[in-house]
Amino acid sequence: MKRLFFCLALAALTFSSCEKVIDVDLDTAAPRLVIDAALEWQKGTDGSEQHIRLTTTAGYYDETIPTVSDAIVEVTAGSGATFSFTEENPGDYVCRNFVPVLNETYTLSVTSGGDTYTATETLFPVPDIGEVEQENDGGFLGDEIEVRFFYQDDPNTLNYYVARFDTEVIPYPDFYSYSDEFFQGNRTFEFFSDEDLKAGDVVHFRLAGVSRRCQEYIQKLVTVAGNNQGPFGTPPATVRGNLVNTTEPEKYALGYFRVSEVDSASYTVQ
């Protein structure tokens, strides 16, 4: 009996020690500017209101993300029109008179902390989202609910897309980026499935037309985010976007500037 008691006590001590919180002294790099500049022209709107958010990177244990104020943020169209973004909340810069034009080229300029960052992109069109279907035998084992939305690809150009899915059963949106190389000119679909998806859940989806470079950038981000690197893992390399520091090139910013036409829809699972 004494031996049994000793073993139980040892086991209890072992498991309780696993719950001890250990603070690891981690190296923190100098903060970098992060530019979240995805200008999206939602079909059926005039696209006049656009937002750009400026923050910086932070340490692993930091609970808040630092915002960047007092920056000069502008977007200039190929036609020469310039649109100014005014800071309305800390780090949130807003333009309410933006004019989106399909296939127009736009250049972003952000001046902050004595440095100027620029990027150029083209506003690409996107097909209309058509019908939405539900399948109840989706997933790898055929036991998940699957929601599909359909659209008609343009046969005259090589197109690149980013699809986004939002629903309460996942903590973060799901993103997919791809080209129409294997279905050019055809009616096709994108889908979302999850083992926790059930009747009554609402799935929101968006489809954006993007450039090839943007599609490849999103694809790299999704790949890095999907790697299981443990709680203190880091990406094998920094994923660089199209932003260039014209003042001090080695002091680059993170993020990507894109302009896209988008279509969106929502579906309630049956």
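Preceding this section is the structure that the text describes.
Draft legend 1. How the structure looks around the sheet that holds strand β4 (residues 82-89). Read across the open sheet, the twelve strands follow the order β11-β10-β13-β15-β1-β2-β5-β4-β3-β6-β7-β14; overall the sheet is mixed. Edge positions in the sheet fall to β11 (174-179) and β14 (244-245), since each has one partner strand and no second. Pairing between strand β10 (residues 160-166) and strand β13 (residues 202-210): seven bridges, direction antiparallel. Looking at the pairing, Tyr161 lines up with Gly209 of β13.

Draft legend 2. Spatial organisation of the packing of aromatic side chains. Within the structure shown, the criterion is met by 14 aromatic pairs. Each ring, one from Phe149 and one from Phe165, has its centre 5.9 Å from the other, and the planes form 40°; the classification is tilted. Of this pair, Phe149 sits in strand β9 (residues 144-152) while Phe165 sits in strand β10; the two residues are 16 residues apart in sequence, bridging distant segments of the chain. The same class applies to Phe149 as to Phe165, namely buried. In this structure, Arg240 packs its charged tip against the face of Tyr252, placed 3.7 Å from the ring centre.

Draft legend 3. Structural context of the sheet that holds strand β12 (residues 187-194). Strand order in this open sheet of three strands is β8-β9-β12, and the pairing throughout is antiparallel. Each edge of the open sheet carries a strand with a single partner, namely β8 (129-138) and β12. Across this sheet, the average inter-strand angle for adjacent strands is 25°, counted without regard to direction. As paired strands, β8 and β9 are joined by six bridges and run antiparallel to one another. Of the residues in β9, the one forming a bridge with Gly138 is Glu144.

Draft legend 4. Geometry of unusual backbone geometry. Even without being a glycine, Asp70 presents a positive backbone phi close to 60°. For Asp70, a relative accessible area of 72% corresponds to the exposed category. One non-glycine residue, Asn103, lies in positive phi territory at about 65°.

Rules and cut-offs
- Residues numbered from 1 in each chain as written.
- Predicted model: local features only at pLDDT ≥ 70, side-chain atom pairs only at ≥ 80, totals over all residues.
- Heavy atoms only, no water.
- Pairing = 2+ DSSP bridges.
- Helix = DSSP H or I, 4+ residues; strand = E, 2+ residues; numbered from the N terminus.
- Phe/Tyr/Trp six-rings, centres within 6.5 Å; stacked < 30°, edge-to-face > 60°.
- Buried < 20%, exposed > 50% of the residue type's maximum accessible area, 1.4 Å probe, protein only.
- Lys NZ or Arg CZ within 6 Å of the ring centre and 35° of its normal.
- Axes fitted to C-alpha atoms, helices over the stretch in contact; angles between N-to-C directions.

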